[in-house]
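Residues per chain are reported as follows:
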Amino acid sequence: MTEKTRPSAGETAPAGEISPEKRLEIYRLQVLLRQAEQRAYDLFLQNKIKGTSHLSLGQEAVAAGAAAAMRPGDLSFCTYRGHAHTLARGVPVEKVLGELMGRDNGLMRGKGGSMHLTSVEHGVMGSYAIVGAHLPIACGAAWRAQYKGDSDVSVCFFGDGATNIGAFHEALNFAACRKLPVVFVCENNLYMEYTPIAEVTAVKHPGADRAGAYGLERIVIDGNDADIVYLTMSKAFARARAGEGPSLIECLTYRHSGHSRADPAKYRPPGELDKWKERDPVSIYRKRLEAQGVPGATLNAIDAEVRRLVDDATQACEAAPSTSEDILFTDVYADGGCSWRN
Amino acid sequence: MAQLTYREAVARGIAQEMARDENVVLLGEDVAKAGGVFKATVGLFEQFGPKRVLDTPISEQAILGAAMGAAMTGLKPIAEIMFADFLGVCYDYIANEFPKTRYMTNGQVSCPLVVRCGNGGGARFGAQHSQSVENWCMQFPGLKVVSPSSPVDVIGLLAAAVRDPDPVVFLEHKSLYAVKGEVPDGEILDTLGTAKILRPGGDATILALGMMVPRSLQAAEALQERHGISCEVIDVRSLVPLDTQCILGSVARTGRVFTVEENPRQLGWGSELVSIIADEAFYDLDGPAVRITTPNIPLPAADALEDLAIPSVDRIVEMIRRSLTA
Ligand SMILES: Cc1ncc(C[n+]2csc(CCOP(=O)(O)OP(=O)(O)O)c2C)c(N)n1
Ligand SMILES: [Mg+2]
């Protein structure tokens with residue numbers, strides 16, 4: 001991270017109307033994402049979660065602000081770093097942790113895993129582990145909405161690294177020239193896996209600086225400020241629903257943990273993490289609410305309620321049986337099985 | 001009854017399905033106003049309009065990705081990837097996205113779509129516009145792969161592919177586009193996973209696909225006339241799902257089997273079929289299963305060379321004759 005790309009540390013709320021209820025909802029969402037991800041991390045350390053996993057610790061404001069701006073029926077397309085976006089749409093913590101732990105109570109009963117969280121009933125149309133693959137897919141869902149006259153908007157979250165893959169550019173051009181109701185959200189956390197995005201990208205803002213090439217507005221926002229995310233997303237949704245086409249929003253943010261479970265993030269310059277922790281989205285938001293007169297007790301009660309929820313979910317997952325063998329061969333084809341021959 | 005070319009059959013099949021179901025849409029490069037580079041979609045834009053027949057940018061990932069997103073949420077897209085070779089630039093969708101979605105999501109999401117491609121050689125287009133890519137597609141659990149050899153099969157199998165709830169790769173053979181065949185009037189609907197015995201015979205079974213079907217029929221004719229060898233010719237038509245029963249039944253009757261494959265030898269579609277036959281019909285065989293294929297080379301452009309590479313009628317005749325009289 002450089003000082004230049006680090007957003008200014010403003011504790012004042014951005015301009016724009018957000019109701020007190022909405023603010024509490026956004027606060028609660030961020031606390032939920034923080035605690036659930038922290039719990040996922042702890043469960044790794046206890047070896048109760050196997051495989052890999054990519055946390056959004058530090059990036060909660062993007063998921064919370066975006067989800068708070070969505071309507072039921074809007075569709076989310078996420079990456080492997082998708083726990084937060086999945087939870088933010090209302091998917092129960094137990095289902096997510098259960099999936100990470102390979103339990104039968106998991107969201108996909110263990111058939112997808114951490115990188116593929118999907119819950120159609122919550123509008124979470126999948127988490128995609130091939131960088132960039134889901135941008136065109138989100139376009140397709142938006143094309144269906146346009147074709148059928150449906151009012152839902154598709155939202156596609158991806159990292160800074162995804163902006164250098166061909167599918168990003170194909171999708172932006174396709175969406176822009178067909179005016180599709182899709183919102184592209186680039187979570188610029190300054191790193192791909194281990195390499196800083198700035199070292200391998202021709203422009204300073206990997207998302208926003210490309211927008212102009214597709215006739216879109218250049219939008220860079222403080223992705224650690226959930227209110228700004230919420231307000232910017234709301235505008236993009238209004239534009240999409242009015243038939244005015246896609247938006248690309250680059251959110252500046254930072255992940256507090258490594259890229260994935262195995263990554264101690266040694267490649268980051270000393271002090272960088274601490275600087276960003278001063279801009280921790282959850283504490284910023286809490287301070288702002290307190291400054292606006294929300295009693296600390298109200299916020300503490302939210303924290304405690306979320307803690308209970310995450311604890312209960314953890315307990316339920318630990319008690320749940322591991323995923324059952326009889327689903328190994330199911331749902332390869334539409335007939336429910338995996339047979340490819342008579 | 002009408003005489004239709006294979007390419008006209010493609011357009012008729014698509015039109016039949018678009019007229020039946022307004023969720024069926026067509027997208028691809030040059031498919032709308034120009035009627036397709038192979039002229040296989042002529043008239044569809046005029047009949048169904050720009051909302052349902054889309055000219056896309058040269059963005060194979062966007063084409064297949066958009067088809068997937070639309071299919072996941074309720075449309076029935078038919079996506080054209082002009083030359084099957086170009087699946088290489090959007091292979092992620094073929095390999096990682098379409099076929100795995102239903103399984104990974106524990107049945108929540110499906111991708112009922114069709115990817116049509118101009119497949120195969122014989123047109124002197126060289127190594128990057130001539131390949132037979134069946135084996136690029138048939139290795140993925142969750143994907144279906146079909147390749148018709150006649151106009152009537154084009155319509156019936158295309159209709160079946162569009163109505164199928166799983167993703168289907170539909171390989172049209174470029175060198176067959178001009179071939180004519182009888183097509184009945186009215187709706188035509190075939191069944192995926194069914195092979196067709198096009199010529200009965202008692203001495204050997206020939207398994208063929210696409211352009212190798214007419215060549216195998218000619219070879220069978222010649223083998224009968226010149227050598228008194230009676231071959232049963234099966235158009236496999238559908239690699240996934242596979243009509244194993246039809247194939248094994250024929251092998252049980254004839255005791256010998258030959259695959260005729262346009263793909264280069266390594267891991268061509270016939271290798272999987274031969275492996276099934278070795279497993280399940282070994283004691284029916286009176287001699288080795290023989291694969292007649294393009295050798296292990298990229299396809300050359302020059303006509304003389306391409307003709308040497310792809311199995312010809314003479315090569316098929318010769319290999320079967322030698323094998324049976326050895
Ligand atoms: C096509 C592809 N290439 C490489 C990878 C391996 N990979 C997984 S995540 C990742 C980094 C992506 O960085 P970014 O887009 O910034 O997202 P972030 O992880 O920071 O959220 C890479 C290279 C992949 N999954 N897919
Ligand atoms: Mg990144």
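Thresholds, definitions, all that
- Residues numbered from 1 in each chain as written.
- Chains lettered and ligands numbered in written order.
- Predicted model: local features only at pLDDT ≥ 70, side-chain atom pairs only at ≥ 80, totals over all residues.
- Heavy atoms only, no water.
- Helix = DSSP H or I, 4+ residues; strand = E, 2+ residues; numbered from the N terminus.
- Rg over C-alpha atoms; globule rule 2.2 N^0.38 Å.
- Contact = heavy atoms within 4.5 Å.
- Areas by Shrake-Rupley, 256 points an atom, 1.4 Å probe, with all protein chains shown as cover.
- Lys, Arg positive; Asp, Glu negative; His and termini not counted.
- Charge placed at Lys NZ, Arg CZ, Asp CG, Glu CD.
- Phe/Tyr/Trp six-rings, centres within 6.5 Å; stacked < 30°, edge-to-face > 60°.
- Buried < 20%, exposed > 50% of the residue type's maximum accessible area, 1.4 Å probe, protein only.
- Lys NZ or Arg CZ within 6 Å of the ring centre and 35° of its normal.
- Pairing = 2+ DSSP bridges.
- Axes fitted to C-alpha atoms, helices over the stretch in contact; angles between N-to-C directions.
- Donors = N, O, S within 2.8 Å, 3.2 Å for Na, K, Ca; no water.
- Near = heavy atom within 4 Å.
- Polar contact = N/O pair within 3.5 Å; in protein donor to acceptor, adjacent residues only side chain to side chain.
- Nonpolar A, V, L, I, M, F, W, Y, C, P; charged D, E, K, R; others polar.
- Buried area = accessible area lost by both parts, 1.4 Å probe.
- Salt bridge = Lys/Arg side-chain N within 4 Å of Asp/Glu carboxyl O.
- Core = buried A, V, L, I, M, F, W, Y, C linked by side-chain atoms within 4.5 Å.
- Domains from an automatic or database assignment.

S.K.: Help me get a handle on the overall build of chain B, residues and values and all.
M.R.: For chain B, the helix and strand inventory stands at eleven helices and 14 strands. Against the globule reference of 20 Å for 326 residues, chain B gives a C-alpha radius of gyration of 19 Å, in line with a compact fold. Projected onto its principal axes, the C-alpha coordinates of chain B cover approximately 60 × 40 × 40 Å. For chain B, the share of sequence-separated contacts (at least 6 apart) that also reach a separation of at least 24 residues comes to 81%. Here chain B displays about 11,300 Å² of accessible surface, and carbon together with sulfur accounts for 54% of that area. The average position of the 28 basic charges and that of the 40 acidic charges among the side chains of chain B differ by 1 Å.

S.K.: Go over the packing of aromatic side chains with me, naming the residues and quoting the values.
M.R.: As enumerated under the stated definition, the model contains 15 aromatic pairs over all chains in all. Taking 5.2 Å as the distance between ring centres and 90 degrees as the angle between the ring planes, the aromatic pair formed by Phe282(B) and Tyr283(B) counts as edge-to-face. Exposure remark for Tyr283(B): the relative accessible area of 77% places this residue in the exposed category. Against the face of Tyr103(B) rests Lys111(A), its NZ or CZ located 4.0 Å from the ring centre. The ring of Tyr147(A) carries Lys51(B) above its face, with NZ or CZ at 4.5 Å from the centroid.

S.K.: Tell me what's going on with the sheet that holds strand 10 (residues 204-208) of chain B, and back it up with residues and numbers.
M.R.: Each strand in a sheet pairs with another by means of backbone hydrogen bonds, the pair being arranged parallel or else antiparallel. Residues and elements named next belong to chain B. The five strands lie next to each other as 9-11-10-13-14, forming an open sheet whose pairing is mixed. Taken across any chain shown, the strands that pair with only one partner, and hence form the sheet edges, are strand 9 (196-199) and strand 14 (290-294). Pairs of neighbouring strands in the sheet enclose a mean axial angle of 25 degrees, with direction left out of account. Sheet analysis places strand 13 (residues 257-264) next to strand 14, joined by four bridges and oriented parallel. Bridged to Thr259 within strand 14 is Arg291. In the packing of helix 11 (residues 313-325) onto the sheet, the strands contacted are strand 10, strand 11 (231-235), strand 13 and strand 14, and the crossing angle to strand 14 comes to about 160 degrees.

S.K.: So what's going on with the coordination of the magnesium ion (ligand 2)? Which residues, and what values?
M.R.: All names here are of chain A. For the magnesium ion (ligand 2), every protein donor is listed as Asp160 (OD), Asn189 (OD1) and Tyr191 (O), and the spread of their distances is 2.0 to 2.2 Å. Each donor residue of the magnesium ion (ligand 2) belongs to the same chain, and together they define the spacing D-x28-N-x1-Y. Here Asp160, found in the loop between strand 3 (154-159) and helix 6 (166-178), pairs with Asn189, found in the loop between strand 4 (182-188) and helix 7 (208-211); they are 29 residues apart in sequence, far enough to count as distant. Residues Asp160 and Asn189 agree in their burial class; the two are buried.

S.K.: Residues and numbers for the site of ligand 1, please.
M.R.: Residues and elements named next belong to chain A. Surrounding ligand 1, one finds 15 residues, the nearest of these being Tyr80, Arg81, Ala129, Gly161 and Asn189. A distance of 2.7 Å separates an oxygen atom of ligand 1 from a polar side-chain atom of Tyr80. In the environment of ligand 1, a nitrogen atom lies 3.0 Å from a nitrogen or oxygen atom belonging to the backbone of Val131. Coverage of ligand 1 by the protein chains reaches 74% of its 580 Å² of free accessible surface. Split by residue class, the shell around ligand 1 holds eight nonpolar, four polar and three charged.

S.K.: Account for the interface of chain B and chain A, with residues named and values stated.
M.R.: Reports often express the size of an interface as the amount of accessible area lost when the parts come together. Across the boundary between the two partners, chain B contributes 55 residues, which contact 40 residues of chain A. A buried area of about 4,000 Å², summed over both sides, lies between chain B and chain A, and 61% of it is on carbon and sulfur atoms. The three residues of chain B that bury the most area against chain A are Tyr103(B), Met104(B) and Asn106(B), which together make up 17% of that side's buried surface. One can count one salt bridge joining chain B with chain A. Between Arg341(A) and Glu280(B) there is a salt bridge, and its shortest N-O distance comes to 2.6 Å. At the junction of chain B with chain A, the criterion picks out 25 residue pairs in polar contact (both at pLDDT 80 or more). For the side of chain B that touches chain A, the element with the highest residue contribution is helix 3 (residues 60-72) of chain B, accounting for nine residues. For the side of chain B that touches chain A, the residue count by class is 25 nonpolar, 17 polar and 13 charged.

S.K.: Could you give an account of the nonpolar core, with specific residues and numbers?
M.R.: The biggest cluster of nonpolar side chains holds 148 residues, and the ones touching the most others in it are Phe77(A), Phe184(A), Leu64(B) and Leu87(B). The biggest single contributor to this core is helix 3 of chain B, with nine residues. In this structure, this core is formed jointly by two domains, domain 1 (2-183) and domain 2 (196-325) of chain B, each of which donates at least three residues. Residues in contact with Phe77(A), not counting those within four places in the same chain, are Met125(A), Gly126(A), Tyr128(A), His134(A), Ile137(A), Ala138(A), Ala141(A), Ser154(A), Val155(A), Cys156(A), Phe157(A) and Met72(B). With 64 residues, the next largest nonpolar core counts Tyr27(A), Leu33(A), Ala69(A) and Cys251(A) among its residues.

S.K.: Kindly report on the sheet that holds strand 12 (residues 238-240) of chain B, identifying the contributing residues and their values.
M.R.: All names here are of chain B. Across the sheet, which stays open at both edges, the seven strands sit in the order 3-2-4-5-7-6-12 with mixed pairing between neighbours. At either end of the open sheet lies a strand with only one pairing partner, and these are strand 3 (53-55) and strand 12. The average undirected angle you get between the axes of adjacent strands in this sheet is 20 degrees. Summarising the sheet, strand 6 (residues 144-146) and strand 12 pair through two bridges and their orientation is antiparallel. Its bridge partner being in strand 12, Val145 is matched across the sheet by Val240.

In short, geometric facts, not functional conclusions.
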